[in-house]
Amino acid sequence: MGLATGVGMSAEPAPASKPVMFSGKIESVRMADDLVVFAGAGGNVAVWFDAGRMLMIDAGIPHRSAELIGLVTKLAPDAKSKTLFNTHWHFDHTGGNAAFVAAGFTTVGTAACRQRLGETINLADLGMTVEPTPETARPVVAFEEKLTLFAGAEPVRLIKFPASHTDTDAVAYFEKRNLLHTGDLLVSGGYPVIDRATGGSLDGMIAATKLLRTVGDEKTTIIPGHGPVGDRAMIQTQLDLLNLVRDRLAPLAEKKMTLDEVSKLAPLADLDDKWGRGFLRSPVFTRMAYGQWVK
Ligand SMILES: [Zn+2]
């Protein structure tokens, strides 16, 4: 999640947030001869390729699709076997699906992701409603817990996570090169989104962040959902933030404070200097994080 407008949704201004419109240049980072990460078209997009095949992870937002397809196609213009894996349902990761399906990609995602893409979802915290994705642009290969794809000879393990960011998230782990695309279970440089409209919660995010450490090892390279590629230190950084947030909010929940009362207290305002430079600022993130106590 990382923007506020786009095809297929109606958007109100998100209160006290700074929506990122992904209107700048799409940056590419060459991770290896056969693997490139594209940033700036929505969530981070990773593409493995050889002369005849492509495996792409996430598809950006709709209005950057044409540009993204141009960049991706250039990597392997003659590829005939083309697969797109969606890490979760959010439109900055699946918004390009329709265009990539039209370009010959086969879509893969969790069964929960396919299901959510068929729903109208009111993202109240962000002041927007997301309309269903056309059936033809939802994953046509759906899995419950795990699935292995192959990037040439290399297994790519797709692993579903318990509800945390949403209830549709799965990561992609390139086993031989020890590279993990986390989707939005991990975001660098800002507060992570907790989508409580589709099963997200603070405690779920804390558990999922810990669980990320069980994939790969100390040397795993990480492509987060948003922000620069990095290493496992990013996991601890996010965990420290989430634990700090919980330490501040849990006592307010024990006092049975309402969401509006907590919002007025602005208990996370001082964190914005460091964490409020991404998509979210503390007023919205506080609502997302406190939501688990006031369902
Ligand atoms: Zn997301």
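Given the structure is predicted, the values throughout are model-derived calculations rather than measurements.

Reading the values: the criteria
- Residues numbered from 1 in each chain as written.
- Predicted model: local features only at pLDDT ≥ 70, side-chain atom pairs only at ≥ 80, totals over all residues.
- Heavy atoms only, no water.
- Helix = DSSP H or I, 4+ residues; strand = E, 2+ residues; numbered from the N terminus.
- Rg over C-alpha atoms; globule rule 2.2 N^0.38 Å.
- Buried < 20%, exposed > 50% of the residue type's maximum accessible area, 1.4 Å probe, protein only.
- Contact = heavy atoms within 4.5 Å.
- Areas by Shrake-Rupley, 256 points an atom, 1.4 Å probe, with all protein chains shown as cover.
- Lys, Arg positive; Asp, Glu negative; His and termini not counted.
- Charge placed at Lys NZ, Arg CZ, Asp CG, Glu CD.
- Axes fitted to C-alpha atoms, helices over the stretch in contact; angles between N-to-C directions.
- Parallel < 35°, antiparallel > 145°, perpendicular 65-115°, else oblique.
- Left-handed = near helix turned anticlockwise from the far one by under 90°.
- Nonpolar A, V, L, I, M, F, W, Y, C, P; charged D, E, K, R; others polar.
- Pairing = 2+ DSSP bridges.
- Phe/Tyr/Trp six-rings, centres within 6.5 Å; stacked < 30°, edge-to-face > 60°.
- pLDDT = per-residue confidence, 0-100.
- Salt bridge = Lys/Arg side-chain N within 4 Å of Asp/Glu carboxyl O.

Draft legend 1. Structural view of the overall build of the chain. Helices and strands together make up the secondary structure of the chain, namely 9 helices and 15 strands. The C-alpha atoms of the chain give a radius of gyration of 18 Å, which matches the 19 Å a tight globule of 295 residues would have. Taken along the three principal axes of its C-alpha coordinates, the chain extends 60 × 40 × 35 Å. Expressed as a percentage of its 295 residues, the buried residues of the chain come to 55%. Here the contacts in the chain between residues at least 6 apart in sequence split such that 65% fall between residues at least 24 apart. On the chain, roughly 12100 Å² of surface is accessible, and the fraction owed to carbon and sulfur atoms is 54%. One finds the centroid of the 31 positive side-chain charges in the chain at a distance of 1 Å from the centroid of its 33 negative side-chain charges.

Draft legend 2. Seen up close, the packing of helix α5 (residues 202-212) against helix α6 (residues 233-254). The N-to-C vectors of α5 and α6 enclose an angle of 155°; their axes lie 10 Å apart at closest approach. With respect to α6, the axis of α5 lies roughly antiparallel. Our pair here, α5 against α6, has a crossing hand that is left-handed. Every residue of α6 that contacts α5 at L202, D203, M205, I206, T209, K210 and L212 is listed here: I235, Q238, L239, L242, N243, V245 and R246. Partitioned by chemical class, the residues of the contact of α5 with α6 number 8 nonpolar, 3 polar and 3 charged.

Draft legend 3. View of the sheet that holds strand β12 (residues 154-160). Ordered by their spatial adjacency, 5 strands build an open sheet running β11-β12-β13-β14-β15, and the pairing between neighbours is mixed. Each end of this open sheet is capped by a strand with a single partner; those strands are β11 (146-151) and β15 (221-223). Neighbour-to-neighbour, the strand axes of the sheet open up by a mean angle of 20°, direction not taken into account. Alignment of β11 against β12, held across 6 bridges, turns out to be antiparallel. Across the sheet, the residue bridging to L147 is L158, located in β12.

Draft legend 4. Expanded view of the packing of aromatic side chains. The tally for this structure, following the rule as stated, stands at 4 aromatic pairs. Summarising the aromatic geometry, the rings of F100 and F105 are spaced 5.2 Å apart at their centres and angled 90° between planes, so their arrangement reads as edge-to-face. For F100, a relative accessible area of 0% gives the class buried. Residue F105 is classed as buried on the basis of its relative accessible area, which comes to 7%. Ring geometry for Y191 and F285: centres 4.6 Å apart, planes at 15°, overall stacked. A residue pair is termed long-range when its members are at least 10 positions apart, and Y191 in the loop between β14 (179-181) and α5 and F285 in helix α9 (residues 282-290) qualify at 94 residues. Residue classification places Y191 among the buried positions, given a relative accessible area of 3%.

Draft legend 5. Summary view of the confidence of the model for the chain. For the chain, mean pLDDT is 93; residues scoring 70 or higher make up 93% of the total. Long-range and interchain partners of residues 2-20, a stretch whose pLDDT sits below 50, account for 48 contacts in this model, where long-range means more than four residues apart.

Draft legend 6. Structural detail: α9. Extensive coverage of α9 is indicated by the burial of 7 of its 9 residues. Residues of α9 that are buried: S282, V284, F285, T286, M288, A289 and Y290. As for α9, its buried residues are in contact with α5, α6, α7 (259-265) and α8 (272-275).

Draft legend 7. Region of interest: the pairing of strand β2 (residues 27-32). With 5 bridges connecting them, β2 and strand β3 (residues 35-39) associate as antiparallel partners. The residue bridging A32 from the neighbouring strand is L35, located in β3. Taken together, β2 and the strand that follows it, β3, pair antiparallel across an intervening segment of 2 residues.

Draft legend 8. Summary view of the sheet that holds strand β6 (residues 81-85). Read across the sheet, 7 strands follow the order β2-β3-β4-β5-β6-β7-β10 without closing on themselves; strand pairing throughout is mixed. Bordering the open sheet on either side are β2 and β10 (141-143), each of which pairs with just one other strand. Strand-to-strand, the axes of this sheet are offset by a mean angle of 20°, without reference to chain direction. Bridge count for β3 against strand β4 (residues 45-49) is 4 bridges, and the pairing is antiparallel. Among the inter-strand pairings, F38 is bridged to a residue of β4, identified as V45.

Draft legend 9. Quick peek at the pattern of salt bridges. In the structure shown here, the tally under the stated rule is 14 salt bridges. The salt bridge partner of R177 is D34, with a shortest N-O separation of 2.8 Å. With a gap of 143 residues between them, R177 in the loop between β13 (170-174) and β14 and D34 in the loop between β2 and β3 connect regions that are remote in the sequence. Ionic pairing is found between D167 and R116, a salt bridge with its closest N-O pair at 2.6 Å. With D167 in the loop between β12 and β13 and R116 in helix α4 (residues 111-116), this residue pair connects regions lying 51 residues apart in the sequence. A residue is classified by how much of its surface remains accessible, and R116, at 18% relative accessible area, is buried. Through salt bridges with shared partners, a single network forms among D34, E154 and R177.

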